[in-house]
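Report on the structure
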Amino acid sequence: MADPVTFSPDKGAYIRTNTWLAAGAMAVAMLVLWLIGNPYVWTGAPAGLAAIVLRAWYLASEELTKAWEMTDTTLTGPGPRKVALNQIEAVKTMGSFVQIVTKGGDKHLIKYQADPAATKAAIERALP
C-alpha cells in the first residue's frame, strides 16, 4: 500500500479566491445601488469589500484546516466525507476548487488548491 496523499488548502489560493469574490461583491453592490436609484453608488464598493473581507477573516481558521486524504482505495475529507475511488464518475476544476462527482451523483469540493490541475491529475491517476 502506498503512502496516503494529502490535499491541503493553500493560504495563497484562499486569498486569491476571496479577492475575486470581493471584486464581484463590490460590482454587484454598486449595480444594485445604481438600479434602485441611489445617488451614492460608490458606497457599494467599500460595503462589498468589507463584507467579503469580514467573511474571509471569519472563515479562514476553519477553511484552511479542511484537508482531504487519498489512499489506494478511498478519498477521505472533512465532515467526515468518504468516497471510494471506484465510485468517482468525474473530477473537475473550478477556480481553486476540485469537484469530485460520484456515480451516485454526490458532489464534493476539495477547496483552495494551489494547483487544482495537479490535484485533479493525482486523483485521476489513482482511479481504477
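In this report, we go over the structure that sits alongside the text. Values in this document were obtained by computation on a predicted structure and should not be read as measured data. Throughout this description, residue numbers start from 1 for each chain and increase along the sequence as written. At least 70 in pLDDT is required for a residue's local features to be given in this predicted model, at least 80 for side-chain atom pairs to be given and counted, and no such filter applies to totals for whole chains, interfaces and linings, which use all residues. Excluding hydrogens and water, the side-chain figures rest on all heavy atoms present in the structure.

**Looking at the overall build of the chain**
Condition: Numbering of helices and strands starts at the N terminus; helices are DSSP runs of H or I of at least 4 residues and strands are runs of E of at least 2. As defined in this context, the radius of gyration uses C-alpha atoms, and a globule is described by 2.2 Å times the residue total to the power 0.38. Working definition: with a 1.4 Å probe on protein chains only, accessible area under 20% of the residue-type maximum means buried, over 50% means exposed, and in between means partly exposed. Residues scored as charged are limited to Lys and Arg (positive) and Asp and Glu (negative), so that His and the chain ends carry no count. In this description, the location of a charge corresponds to atom NZ of lysine, CZ of arginine, CG of aspartate or CD of glutamate.
Check the secondary structure of the chain and you find 3 helices and 7 strands. Starting at the N terminus and ending at the C terminus, the chain contains elements arranged as β-α-α-β-β-β-β-β-β-α. For a compact globule of 128 residues, the expected C-alpha radius of gyration is about 14 Å, and the chain comes in at 18 Å, more than 25% above that figure. By the burial criterion, 30% of the 128 residues in the chain qualify as buried. Side-chain charges of the chain comprise 12 positive and 10 negative groups, with the mean position of each set lying 6 Å from the other.

**A short note on helix α2 (residues 44-63)**
Heads up, the condition is: Multiply 1.5 Å by the residue count of a helix minus one, and that product is the helix's expected span.
The end-to-end C-alpha distance of α2, which contains 20 residues, comes to 27 Å, matching closely the 28 Å that a straight helix rising 1.5 Å per residue would cover. If you check which residues of α2 are buried, you get Gly44, Ala45, Gly48, Ile52, Ala56, Ala60 and Glu63.

**Here we look at helix α1 (residues 11-35)**
Heads up, the rule is: The contact criterion used throughout is that any non-hydrogen atoms of two residues lie within 4.5 Å.
In this model α1 runs 36 Å from its N-terminal to its C-terminal C-alpha over 25 residues, within 8% of the 36 Å that 1.5 Å per residue would give. Where α1 is buried, its residues touch α2. Phi for Gly37, located one or two positions after α1, is positive at around 80°.

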